[in-house]
There are 2 protein chains.
Amino acid sequence: MEPTDENALKPIASVDLVVLALSEHGLQVLLIRRQADPFRGAWALPGGWIHTDEDPDLDAAAARVSREKTGVETPYLEQLATFGSAGRDPRGWSVSVGYVALLPADEVAGRAAESTDTAWHAVTGDGVAVPLAFDHASILRAGLIRLRAKVEYTSLPVHLLPAGFTLGELQAVYERILGRRLDKSAFRKRIAEVDFVEPVPSAMRRGSNRPAQIYRVKPGLGTAFFDRTI
Amino acid sequence: MEPTDENALKPIASVDLVVLALSEHGLQVLLIRRQADPFRGAWALPGGWIHTDEDPDLDAAAARVSREKTGVETPYLEQLATFGSAGRDPRGWSVSVGYVALLPADEVAGRAAESTDTAWHAVTGDGVAVPLAFDHASILRAGLIRLRAKVEYTSLPVHLLPAGFTLGELQAVYERILGRRLDKSAFRKRIAEVDFVEPVPSAMRRGSNRPAQIYRVKPGLGTAFFDRTI
DNA sequence: GTAATAGTGTCTCTTAGACAATATGCT
DNA sequence: AGCATATTGTCTAAGAGACACTATTAC
């Protein structure tokens, strides 16, 4: 059962990230133009080899890639699924562990202009307008399915907002990802039920209208799950 | 970014299976006693290296391992999560893609007696009574969490039953895994709603009571999702 | 008949969903 | 005042959950 020559049978192992953020124009995914073969010049998800000499585990490898490619220290990171086959990389049998990363809207602008080889691309339906290297279109599709599924019944979308946000802004995020309007009253009932945000004392968003209370995520809580759906 | 010596940095890659079945005594997981170091003599989840020369992809590798270790051709197989770290295998940085496999109850008896090194172990809470090799306790725990979560809102438990079953038997499976009683009337309403089973014409389960209609899964359907929860 | 389980029906209390009313700042 | 958005309240139709009733077989 154990191979005689271990190294010969070892697949290539890497980590690929679906980095998502929400701009005024909708959901955006961070893509990198490949500098090297294979697929030189094509757009790809940010990713990299697992560094067995420096990464203690998979999550650390994903965090390192995220840091190297996006500059953001600790975005929300969640393992998505693993893609492995003989044909997905022309260099040989390869395994890629896919991760989903969510970035707050206010981090997006800075990252986009950094390099001509790194750019945010608008998500349309279940993909992007440009072709992607490897099987990255599949990984992206899986990431979008995961995000949209979890938006229905978890507090995940808070990670697409800055640390302080109003309930109106939070509702807008849900609506943008789900692609449908939500009832304000029902929405607030759900948020109050699961109790994962708290008002920031005397912090208000002001405009030419009634000021809105600013909320933040309650510290020490993970992702909250709704009883039913949002 | 690309390592100079690829093989030196390649992690070890394997597939591990959480093979579950439901007996009269509750949920059972298939374990194998390790014949070789490391962890020689310890119980472990059935697993094996990815064979880059014969497995076309990860699902095929999992199916092969399942076939080799359980003898069952096509159980329900679902990718669970991937576990990778420097320390989980003393031989070096390793990646294991975990899968959940569900077996019909009528397949269980035959497999158990095959070998003294292969045995069904009762699941108690979130694990088994014996210690497991590697980080297999974590993988098992993740598999159980996945199963229990999906039982709440999907038709997954049908895979724990033989091809033909009564609605009473199906309800019993849900109740056993969830650990709580379900209302018969409400249960049947849900099953009718999602419409994933059909009666087998004139097939009846007989006993010292009113005979029960035997149902089967509608062909060509994947896992069905309930609107809310079961 | 009795026992046992299958299968269907009814009733009530909760609540999701739609809609409306009020509150509060800015210009 | 008028506008825009925040925040809270009300009403109703739908449905979940609890419970009960009828059906059909073996013995």
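Details of the structure are given in the entry above.
Since the structure is predicted, the reported quantities are computational estimates derived from the model, not experimental observations.

Q: Sorry, what's going on with the packing of aromatic side chains here?
A: To describe a pair of aromatic rings, one takes the distance between the centres and the angle between the planes. Residue and element names in this part refer to chain A. For the coordinates displayed, the defined rule picks out eight aromatic pairs over all chains. Consider the rings of Y174 and F187, whose centres lie 5.4 Å apart with planes at 70°: the pair is edge-to-face. Remark: F187 occurs in helix α6 (residues 184-194) and Y174 occurs in helix α5 (residues 167-178); sequence separation between them is 13 residues. Grouping residues by exposure puts Y174 and F187 together as buried.

Q: Just to check I follow, could you spell out the side chain of D135 of chain B for this structure?
A: All names here are of chain B. Examined against the element boundaries, D135 turns out to sit in the loop between β7 (118-122) and α4 (136-153). A polar contact is formed between the side chain of D135 and the side chain of R88, at a distance of 2.8 Å. Ignoring sequence-local partners within four residues, the contact set of D135 consists of F83 and R88.

Q: Before we go on, may I ask you to explain the layout of surface pockets in this structure?
A: Summary: where empty space remains is shown by rolling a probe the size of a single water molecule over the atoms. Roughly 1800 Å³ of volume is contained in the largest pocket. In this structure, the largest pocket is lined by 46 residues; those nearest its centre are R146 and Y153 of chain A together with R146, K150 and Y153 of chain B. Put simply, the parts of the chain that give the lining of the largest pocket at least two residues each are β5 (76-85) and α4 (136-153) of chain A together with α2 (58-70), β5 (76-85) and α4 of chain B. A per-element tally of the lining of the largest pocket places β5 of chain A first, with nine residues. Each residue belonging to the lining of the largest pocket can be placed in one class, and the counts come to 23 nonpolar, eight polar and 15 charged.

Q: I'm lost on the sheet that holds strand β10 (residues 209-217) of chain B in this one. Help?
A: Either a parallel or an antiparallel arrangement is found when strands of a sheet pair, and the pairing is made through backbone hydrogen bonds. Residues and elements named next belong to chain B. Strand order in this open sheet of three strands is β8-β10-β9, and the pairing throughout is antiparallel. The strands lining the two open edges of the sheet, one partner per strand, are β8 (165-166) and β9 (197-207). Of the strand pairs in this sheet, β9 and β10 are connected by six bridges, and their pairing is antiparallel. Bridging from a neighbouring strand, P199 pairs with Y215 of β10.

Q: Explain the protein's contact with DNA strand C here, please?
A: What surrounds DNA strand C is a group of 18 residues, the closest being R210 of chain A together with K184, S185, N209 and Q213 of chain B. Near the protein, meaning within 4 Å, the atoms of DNA strand C are sugar or phosphate in a fraction of 53%, with bases accounting for the rest. Residue R210 of chain B places a side-chain N or O atom 3.0 Å away from a base nitrogen belonging to DNA strand C. In this structure, a phosphate oxygen belonging to DNA strand C sits 3.0 Å away from a main-chain N or O atom of Q213 of chain B. Top contributing element to the surface near DNA strand C by residue count: β10 of chain B, with five residues. Of the residues that constitute the surface near DNA strand C, the class distribution is three nonpolar, seven polar and eight charged.

Q: Would you mind showing me how to read unusual backbone geometry here?
A: Peptide bonds are, in most cases, trans, and in most cases residues other than glycine have a negative phi. Here the residue pair D37 of chain A and P38 of chain A is connected by a cis peptide bond, since its omega of -5° sits within 30 degrees of zero. Following the sequence through the fold, P38 of chain A ends up in the loop between β2 (26-33) and β3 (43-44). Phi is positive for S202 of chain A, close to 55°, though the residue is something other than glycine. Looking at the secondary structure, you find S202 of chain A in strand β9 (residues 197-207). Residue F134 of chain B is not a glycine yet carries a positive backbone phi of 50°. Judged by its relative accessible area of 16%, F134 of chain B falls in the buried class.

Q: In this structure, what is going on with the pattern of salt bridges? I would like to understand it.
A: When the charged atoms of two side chains with opposite charge come close together, those side chains can pair. Residues and elements named next belong to chain A. In total, this model carries 26 salt bridges over all chains according to the counting rule given. Salt-bridge contacts for E175 lead to R181; the nearest nitrogen and oxygen are separated by 3.4 Å. The class of E175 is buried, set by a relative accessible area of 14%. Since its relative accessible area comes to 69%, R181 is described here as exposed. Close ionic contact of D195 with K218 constitutes a salt bridge, the shortest N to O distance being 3.0 Å. Here D195 is found in the loop between α6 and β9, whereas its partner K218 is found in the segment after β10 (209-217), with 23 residues between them in sequence. Given the relative accessible area of 37%, D195 is considered partly exposed. For K218, a relative accessible area of 22% corresponds to the partly exposed category. Overlapping salt bridges bring together D16, R88 and D135 as one network.

Q: Honestly, the side chain of T166 of chain B in this entry has me stumped. Any pointers?
A: Residue and element names in this part refer to chain B. Mapped onto the elements, T166 comes out in strand β8. You can call T166 buried: its relative accessible area is 6%. With near-sequence residues (within four places) excluded, T166 lies in contact with R205, A212, Q213 and I214.

Q: Explanation requested: the nonpolar core in the structure shown.
A: Across soluble globular proteins, you tend to see nonpolar side chains buried next to one another. Core analysis: the biggest nonpolar cluster contains 42 residues, and L20, V29, L102, L147, L170, I191 and F196 of chain B have the highest contact counts within it. Broken down by secondary-structure element, the contributors of at least two residues to this core are β1 (12-23), β2 (26-33), β5, β6 (94-102), α4, α5 (167-178) and α6 (184-194) of chain B. If you count residues domain by domain, this core takes at least three from each of domain 1 (6-152) and domain 2 (156-217) of chain B. When residues no more than four places from it in sequence are discounted, the contact partners of L170 of chain B are V158, L161, F165, F187, I191 and F196 of chain B. Counting residues in hydrophobic clusters, the runner-up holds 41 residues, among them L45, I139, L140 and V197 of chain A.

Q: Even after reading the chapter, I still don't get the packing of α4 of chain A against α5 of chain A, so can you show me in this structure?
A: Packed helices, taken two at a time, are described by their axes: the angle between them and the distance between them. All names here are of chain A. The contact between α4 and α5 brings their axes to 10 Å, and the two run at 135°. With respect to α5, the element α4 is oriented oblique. Crossing of α4 against α5: the hand is left-handed. In this structure, α4 uses L147, R148, V151 and E152 to contact α5, whose residues at the interface are Y174, I177 and L178. Of the residues belonging to the contact of α4 with α5, the class tally is five nonpolar, no polar and two charged.

Rules behind the numbers
Residues numbered from 1 in each chain as written. Chains lettered and ligands numbered in written order. Predicted model: local features only at pLDDT ≥ 70, side-chain atom pairs only at ≥ 80, totals over all residues. Heavy atoms only, no water. Phe/Tyr/Trp six-rings, centres within 6.5 Å; stacked < 30°, edge-to-face > 60°. Helix = DSSP H or I, 4+ residues; strand = E, 2+ residues; numbered from the N terminus. Buried < 20%, exposed > 50% of the residue type's maximum accessible area, 1.4 Å probe, protein only. Polar contact = N/O pair within 3.5 Å; in protein donor to acceptor, adjacent residues only side chain to side chain. Contact = heavy atoms within 4.5 Å. 1 Å grid on protein atoms, 1.4 Å probe; cavity = no way out; pocket = protein on both sides within 12 Å on 5 of 7 lines; lining within 4 Å. Points joined across faces, edges and corners; volume = space filled by probe spheres on them. Nonpolar A, V, L, I, M, F, W, Y, C, P; charged D, E, K, R; others polar. Pairing = 2+ DSSP bridges. Near = heavy atom within 4 Å. Salt bridge = Lys/Arg side-chain N within 4 Å of Asp/Glu carboxyl O. Core = buried A, V, L, I, M, F, W, Y, C linked by side-chain atoms within 4.5 Å. Domains from an automatic or database assignment. Axes fitted to C-alpha atoms, helices over the stretch in contact; angles between N-to-C directions. Parallel < 35°, antiparallel > 145°, perpendicular 65-115°, else oblique. Left-handed = near helix turned anticlockwise from the far one by under 90°.

That is the geometry; function is a separate question.
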